[in-house]
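What follows is each chain in one-letter form.
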Amino acid sequence: MDDYYSCPCGYKSKYKGNVTKHKNKCSELMKINFLKEIEGYKEEICRLKDIIKDKERIIQEKQHNISVEILQKKDDIIAEKDRVIQEKETKISSLHDENVRALRAQNDALLKKSGQTNINNKITIINNTIENLLPIEFDKIGSYTDKLEIEHLESPEGIAEYALAHPLKDRMICVDLARKNVKYKDHLGNVSTDKKMNKLTSLIFDSIEKCAGVDMNQLCGESQKQKKAFKTKFKKKCCEATLI
Ligand SMILES: [Zn+2]
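Everything numeric here is computed off the predicted structure, so don't read it as measured data. Per-chain numbering applies: the sequence of each chain, read as written, is numbered from 1 onward. Local features in a predicted model are, by the rule used here, given only for residues with pLDDT of at least 70; side-chain atom pairs are given and counted only at 80 or more, and totals for whole chains, interfaces and linings are based on all residues.

Under the DSSP-based scheme used, a helix requires at least four consecutive residues in state H or I and a strand at least two consecutive residues in state E, with every element numbered from the N terminus. When its secondary structure is counted, the chain shows six helices and five strands. Listing every helix and strand of the chain by position from the N terminus yields β-β-α-α-α-β-β-β-α-α-α. We take the radius of gyration over the C-alpha atoms and set the globule estimate at 2.2 Å times the residue count to the 0.38 power. A compact globule built from 244 residues would reach a C-alpha radius of gyration of about 18 Å, whereas the chain, at 63 Å, exceeds it by more than 25%. In terms of principal-axis extent, the alpha carbons of the chain reach across some 185 × 40 × 25 Å. Remark: C-beta atoms are placed from the backbone, and a residue is labelled buried if 20 or more other C-beta atoms sit within 10 Å of its own, exposed if 12 or fewer do, or partly exposed between those counts. With 244 residues in all, the chain has 14% of them scored as buried. Throughout, a residue-residue contact means that the two C-beta atoms, derived from backbone geometry, are no farther apart than 7 Å. When contacts within the chain are restricted to residue pairs at least 6 apart in sequence, those whose partners lie at least 24 apart make up 53%.

So, in C-alpha cells, the structure goes:
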C-alpha cells in the first residue's frame, strides 16, 4: 500500500502521473479544496472581527479616558472658579466689614465730637448769659412798681410780664424748667442759684405789696392751695421766658 499514490477523494494509483492527472479533474478534491479555502476565509473573518473588536475596545477605552479627563478638567476648572469666587467673596465681605467698622468709628467720632461741641456750646452760652446778667439790687426792686399796671395784676402771668419787663429784665435765667431753678447775680456780682425760684418770687410779690399797696395775699387766692397755684403760674411764665 505504501507504493500507492492517492487523492483525498479515495482514488489510488501506483503511478504518480495518474494521480496527478486525476487530481486535475477530481471534483471531490476541488470541493474539498474549496471548503478548505472557505474555512480559511472564515478563520480570517473571525480574526478580523477580533481585531475590530479589539480596536473598538481601545477606541471605547480612549473615549472613556478622554471623557474622564474632560470631566476631571471640568471639575478642576469649576473647583478653581469656586475657589476664586470664594476668595473674592471673602475679600468683599472683609472689605465691607472694614468699611462698616471705619464708618462706625467715623460716626462715633463725629457724634462724640458734635455731642461734645453741643455740650461745650451750651455751657459757653449759659456762662456768657450768666456773665451778662445785670445784678439785682434787692432794695431797689420796689422802685419799679411805678411801671405796674392794673392789667398786670389780673393774672399770675400778668405779674410775670411786669417782672420780666422791669425788675427782673436781663437779671435772671432759668436753667431747669422742670424744677424752676433760676440763676441771678446779687448786687456784688456773685452768681446765685434760686431753687424753685422761691427767693425772687417772694422778692417781687413783697415789693408789689409794700410799694404798690396791693394785698398780694388776697390777690393770690383764699386757700394755701390757690396761693401756691398762683405763684407756680407766675414762676412758670418767668422760667419759660428766660429758659436757656
Ligand atoms: Zn480524486
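Moving on, there is more to tell.
Here the focus is helix α3 (residues 156–165). Of the residues making up α3, those classed as buried are Pro 156, Ile 159, Ala 160, Tyr 162 and Ala 163. For α3, the buried positions fall inside an angular range of 160° around the axis, keeping them on one side. Residues of α3 that are buried sit in contact with α4 (198–212) and α6 (224–242). Our arc is simply the arc of the directions from the helix axis toward the C-beta atoms.

Before going further, it helps to examine the sheet that holds strand β5 (residues 191–194). By the convention used here, strands pair only if DSSP detects at least 2 bridges between them. The antiparallel open sheet is built from three strands, whose spatial order is β3-β4-β5. Strand pairing shows two members of the sheet lacking a second neighbour, β3 (172–176) and β5, which therefore form its edges. Ignoring strand direction, the axes of neighbouring strands in this sheet form an average angle of 30°. Across four bridges, the pairing between β3 and strand β4 (residues 181–185) is antiparallel. Every axis in this analysis is a line fitted to C-alpha atoms, fitted for helices over the stretch in contact. Angles between the N-to-C directions lie between 0 and 180 degrees.

The subject of this paragraph is the domain arrangement of the chain. The split into domains, and so the bounds of each, comes from an automatic or database assignment of domains. Each assigned domain of the chain is listed with its residue range as follows: domain 1 (5–58) and domain 2 (133–242). On a C-alpha basis, the centres of domain 1 and domain 2 stand 148 Å from each other.

Here, a nonpolar core denotes buried Ala, Val, Leu, Ile, Met, Phe, Trp, Tyr and Cys residues that are linked to one another through C-beta atoms within 7 Å. Ranked by size, the top nonpolar core spans 22 residues in total, and within it Ala 163, Val 182, Leu 200, Ile 204 and Cys 238 carry the most contacts. In terms of residues, this core owes the most to one element, α4, which gives five residues. With residues near it in sequence (within four places) discarded, Ile 204 still touches Ile 141, Ala 163 and Pro 167.

This next bit is on the environment of Asn 120. With respect to the element layout, Asn 120 can be found in helix α2 (residues 27–132). On the basis of neighbour counts, which here come to 10 C-beta atoms within 10 Å, the residue Asn 120 falls in the exposed class. With 69 residues separating them along the chain, Asn 120 and Gly 189 place their C-alpha atoms 24 Å apart.

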